[in-house]
Amino acid sequence: MGISIVVTSGKGGVGKTTTTANVSTVLASLGKKVCMVDLDIGLRNLDAVMGLTNRIVYDIVDVAQHRVVVSQALVRDPRFEDNLYLLAASQFADKYVLDKESVGNIVGELKQRFDFVMIDCPAGIEYGFQNAVSIADGALVVTNPEVASVSDADRVVGILESMNMPITPHLIINRIRKNMINDGTSMKIDDIVNHLGIPLLGIVIDEDKVISASNSGQTVVFDNDSDAGHSYQNIAHRMLGENIPLNLSEHTKKVGFWGRVFGRK
């Protein structure tokens, strides 16, 4: 039985989809069987980031409405043999076409087949968010070092903690700018971690290579010269229980490891 992890934030535009794509890619490259599930109904973009749009025939709404079975809707990423798949969102359906029961049944079936089911959550804390987090075993909360982003993440953390997930929610601080950290014009990493009160899994440096990779349907994790790529690599390794220190090419403080059994309580 695999585990389901929702990638969420509350705020739009913080990098949830990019995080889902890059972390999933690393896990697959390490031999784990991974399925990415896009629950951002109507605003589908995980397939574009992964370069898989032309391979999509069916989506999660087709499965939920019993037009096809799950295996027919899965899109295999040919770059990772049989380890990485995508279940796409619908571009045209109304978000209310899915409910917790249908999403739960689909994710439950995927957990029978995959080690990780990585769920790309829509922005906000309303209907789509509720569907996504209700069926997750754990969460990656993505935030940027900005007051509005951290405030929204704080609201999400409160909701997640009230759910008593089997796996403790963990934090990823995305789009860190080294020059702003150094000159004191950015929120400090320790302040963000202390404010949100959940373990830090990783920080990701803001760099143009992430955008250019996404625009070409690639992930940045295999660019050896990319700080962001190294950050995503380290995040995935920590998810597998490896004790990798954080420093500012990833920070300086050892915090937030998932531990021997993915941080299970």
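Residues numbered from 1 in each chain as written. Predicted model: local features only at pLDDT ≥ 70, side-chain atom pairs only at ≥ 80, totals over all residues. Heavy atoms only, no water.

Going by the annotation in an unreviewed UniProt entry, the name recorded for the protein is Septum site-determining protein MinD, with Companilactobacillus zhachilii given as the source organism. As recorded by UniProt, the Function (unreviewed entry) comment attached to the protein reads in full: "ATPase required for the correct placement of the division site. Cell division inhibitors MinC and MinD act in concert to form an inhibitor capable of blocking formation of the polar Z ring septums. Rapidly oscillates between the poles of the cell to destabilize FtsZ filaments that have formed before they mature into polar Z rings." (UniProt positions renumbered as here; feature names shortened; annotations may be inferred.)

Engineer: Please give an account of the overall build of the protein that cites residues and values.
Structural biologist: Counting secondary structure elements, the protein contains eleven helices and eight strands. Radius of gyration (C-alpha) of the protein: 17 Å, near the 18 Å computed for a compact globule of 265 residues. Dimensions of the protein, computed from the C-alpha atoms along their principal axes, are close to 55 × 40 × 35 Å. In the protein, which comprises 265 residues, the share counted as buried stands at 55%. Contacts in the protein between residues at least 24 apart in sequence constitute 75% of all its contacts with a sequence separation of at least 6. Surface exposure of the protein reaches about 11,300 Å², of which carbon and sulfur atoms provide 46%. Averaging the locations of the 25 positively and 31 negatively charged side chains of the protein gives two centres separated by 4 Å. (Helix = DSSP H or I, 4+ residues; strand = E, 2+ residues; numbered from the N terminus. Rg over C-alpha atoms; globule rule 2.2 N^0.38 Å. Buried < 20%, exposed > 50% of the residue type's maximum accessible area, 1.4 Å probe, protein only. Contact = heavy atoms within 4.5 Å. Areas by Shrake-Rupley, 256 points an atom, 1.4 Å probe, with all protein chains shown as cover. Lys, Arg positive; Asp, Glu negative; His and termini not counted. Charge placed at Lys NZ, Arg CZ, Asp CG, Glu CD.)

Engineer: Now, about the nonpolar core: what can you tell me, with residues and values included?
Structural biologist: Across soluble globular proteins, nonpolar side chains have a tendency to be buried as a group. Core analysis: the biggest nonpolar cluster contains 51 residues, and Val-6, Val-37, Ile-60, Leu-87, Leu-110, Ile-119 and Ile-173 have the highest contact counts within it. The element best represented in this core is helix 7 (residues 147-162), accounting for six residues. When near neighbours in sequence (up to four residues on either side) are disregarded, Leu-87 contacts Cys-35, Met-36, Val-37, Asp-38, Asp-59, Ile-60, Val-63, Ala-73, Leu-74, Ile-106 and Leu-110. Val-7, Leu-201, Ile-235 and Ala-236 belong to the second-largest nonpolar core, a separate cluster that totals 38 residues. (Core = buried A, V, L, I, M, F, W, Y, C linked by side-chain atoms within 4.5 Å.)

Engineer: Pulling in residues and values, what's your account of the pattern of salt bridges?
Structural biologist: Within the structure shown, the criterion is met by eight salt bridges. Asp-47 is the partner of Arg-44 in a salt bridge, and the nearest nitrogen-oxygen pair spans 3.2 Å. For Lys-209, the salt bridge identified is with Asp-223, shortest N-O distance 3.6 Å. Taken together, the residues span a long stretch of sequence, with Lys-209 in helix 10 (residues 208-215) and Asp-223 in the loop between helix 10 and helix 11 (227-239) at a distance of 14 residues. You can call Lys-209 partly exposed: its relative accessible area is 30%. (Salt bridge = Lys/Arg side-chain N within 4 Å of Asp/Glu carboxyl O.)

Engineer: Before we move on, could you go through the UniProt feature "binding site: ATP" (unreviewed entry) in the protein and cite the residues and values that matter?
Structural biologist: Mapped onto the present numbering, the UniProt feature "binding site: ATP" (unreviewed entry) falls at Lys-11, Gly-12, Gly-13, Val-14, Gly-15, Lys-16, Thr-17 and Thr-18. Classification of Lys-11 as partly exposed rests on a relative accessible area of 26%. With sequence-adjacent residues up to four places away left out, Lys-11 is seen in contact with Lys-16, Ala-123, Ala-148, Ser-149 and Asp-152. By the secondary structure assignment, Gly-13 is in the loop between strand 1 (3-8) and helix 1 (16-29). Other than its neighbours up to four places away in sequence, Gly-13 contacts Asn-144 and Arg-175.

Engineer: Please give an account of the environment of Lys-16 that cites residues and values.
Structural biologist: As for its position among the elements, Lys-16 is in helix 1. Along the primary structure Lys-16 and Lys-178 are separated by 162 residues, whereas in three dimensions their C-alpha atoms are 21 Å apart. The residues touching Lys-16, leaving out its near neighbours within four places in the chain, are Val-7, Thr-8, Ser-9, Lys-11, Asp-120, Cys-121, Pro-122 and Ala-123. Among the polar contacts listed, one links the side chain of Lys-16 to the side chain of Ser-9, at a separation of 3.2 Å. Polar side-chain contacts of Lys-16 include one of 3.1 Å to the backbone oxygen of Lys-11. (Polar contact = N/O pair within 3.5 Å; in protein donor to acceptor, adjacent residues only side chain to side chain.)

Engineer: Give a description of the environment of Asp-94 that names residues and reports values.
Structural biologist: Mapped onto the elements, Asp-94 comes out in the loop between strand 4 (84-87) and helix 5 (100-111). Separated by 104 residues in the primary sequence, Asp-94 and Ile-198 place their C-alpha atoms 33 Å from one another. A polar atom in the side chain of Asp-94 sits 2.7 Å from the backbone nitrogen of Tyr-96.

Engineer: Help me get a handle on the sheet that holds strand 5 (residues 116-120), residues and values and all.
Structural biologist: Strand pairing in a sheet takes place through backbone hydrogen bonds and is either antiparallel or parallel in direction. With mixed pairing, eight strands are arranged side by side in an open sheet as 3-4-2-5-1-6-7-8. Two strands close off the open sheet at either side, each with one partner strand: strand 3 (75-76) and strand 8 (200-205). Direction of pairing for strand 6 (residues 138-143) relative to strand 7 (residues 170-176): parallel, over a ladder of four bridges. Following the sheet pairing, Val-142 is matched in strand 7 by Ile-172. (Pairing = 2+ DSSP bridges.)

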